[in-house]
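As a plain string of letters, each chain reads:
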Amino acid sequence: MLLLKHGYDGFTFTVLASYLDVSRAAIYKYYENKEELLSEYMVYELEKFLNDMKVIGEKKTFQEQFDALFDMIFSDLSLYEIRTMGMQIPIINNKIKANKQKISGIIIDLFASLQQFVELGKKESVFKEELPNNLILGMIFETVNIRNQNNIPLPEWVEMIKDVISHGLFKNN
């Protein structure tokens, strides 16, 4: 993706127009600036993520939800890099302000879905009751930042991470 290749500062309408083989004017017809485009893209990606979370929430058991959540969060790791870049978007007009408000609302809905996931895990006695929900979610979502320096195939890597989350690092005595 162009945004990841060029970074936030290097991503321009000139780069995008060249990639799409259109004029910059064609892009300016729809967006005043790259911040509008990127904030709209963020809304799109987060809405997609929220819809995926709702589908996961329809699964009956915690284990099914757990497996589906890991499949989802590791299906497109670029989303996390893009999310970080999205936080840099300054509010320079009302369109961006509206998109950032949408993003905030989506994040609240996502958090509610994730809370339900954790509560199901606690209800089924999978998660320890005394652990705060944000610690559990942080442990799960921060796993995307662990570098796979040994180039282990992704499905195997994800299974290893799930095993560590599920059973810890220590050998059982």
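Residues numbered from 1 in each chain as written. Predicted model: local features only at pLDDT ≥ 70, side-chain atom pairs only at ≥ 80, totals over all residues. Heavy atoms only, no water.

Trainee: Teacher, can you tell me more about a nonpolar patch on the surface here?
Mentor: A cluster of nonpolar side chains, namely Y19, L20 and V22, defines an oily patch on the protein surface of about 310 Å² accessible area. Tracing the chain through its elements places V22 in the loop between α2 (13–20) and α3 (24–28). (Patch = residues over 30% accessible without salt bridge, like charges linked within 9 Å, V, L, I, M, F, W, Y side chains within 5 Å. Areas by Shrake-Rupley, 256 points an atom, 1.4 Å probe, with all protein chains shown as cover. Salt bridge = Lys/Arg side-chain N within 4 Å of Asp/Glu carboxyl O. Helix = DSSP H or I, 4+ residues; strand = E, 2+ residues; numbered from the N terminus.)

Trainee: Can you help me understand the packing of aromatic side chains in this one?
Mentor: The way to describe two aromatic rings as a pair is by their centre distance and the angle between their planes. According to the stated counting rule, one finds 8 aromatic pairs in the structure shown. Pairing F70 with F74 gives two aromatic rings, centres 6.1 Å apart and planes at 10 degrees, and the pair type is stacked. Note on F70: relative accessible area 0%, which makes it buried. Looking at F74, the relative accessible area reads 4%, which means it is buried. Ring pairs connect the aromatic residues F62, F66, F70, F74, F117 and F127, which therefore count as one cluster. The ring of Y8 carries the charged tip of K34 above its face, separated from the ring centre by 4.4 Å. (Phe/Tyr/Trp six-rings, centres within 6.5 Å; stacked < 30°, edge-to-face > 60°. Buried < 20%, exposed > 50% of the residue type's maximum accessible area, 1.4 Å probe, protein only. Lys NZ or Arg CZ within 6 Å of the ring centre and 35° of its normal.)

Trainee: Got a minute to help me understand the pattern of salt bridges in this structure?
Mentor: A side chain of one charge can pair with a side chain of the opposite charge if their charged atoms are brought near each other. Counted according to the given criterion, the structure contains 4 salt bridges. The partner of E159 in a salt bridge is K162, with the nearest N and O atoms 3.0 Å apart. In this pair, E159 and K162 both sit in helix α9 (residues 154–167), 3 residues apart, roughly one turn of the helix. The exposure class assigned to E159 is partly exposed, which follows from its relative accessible area of 44%. Under the relative-accessibility criterion, K162 is labelled buried at 7%. One network of salt bridges, in which partners are shared, links D67, E159 and K162.

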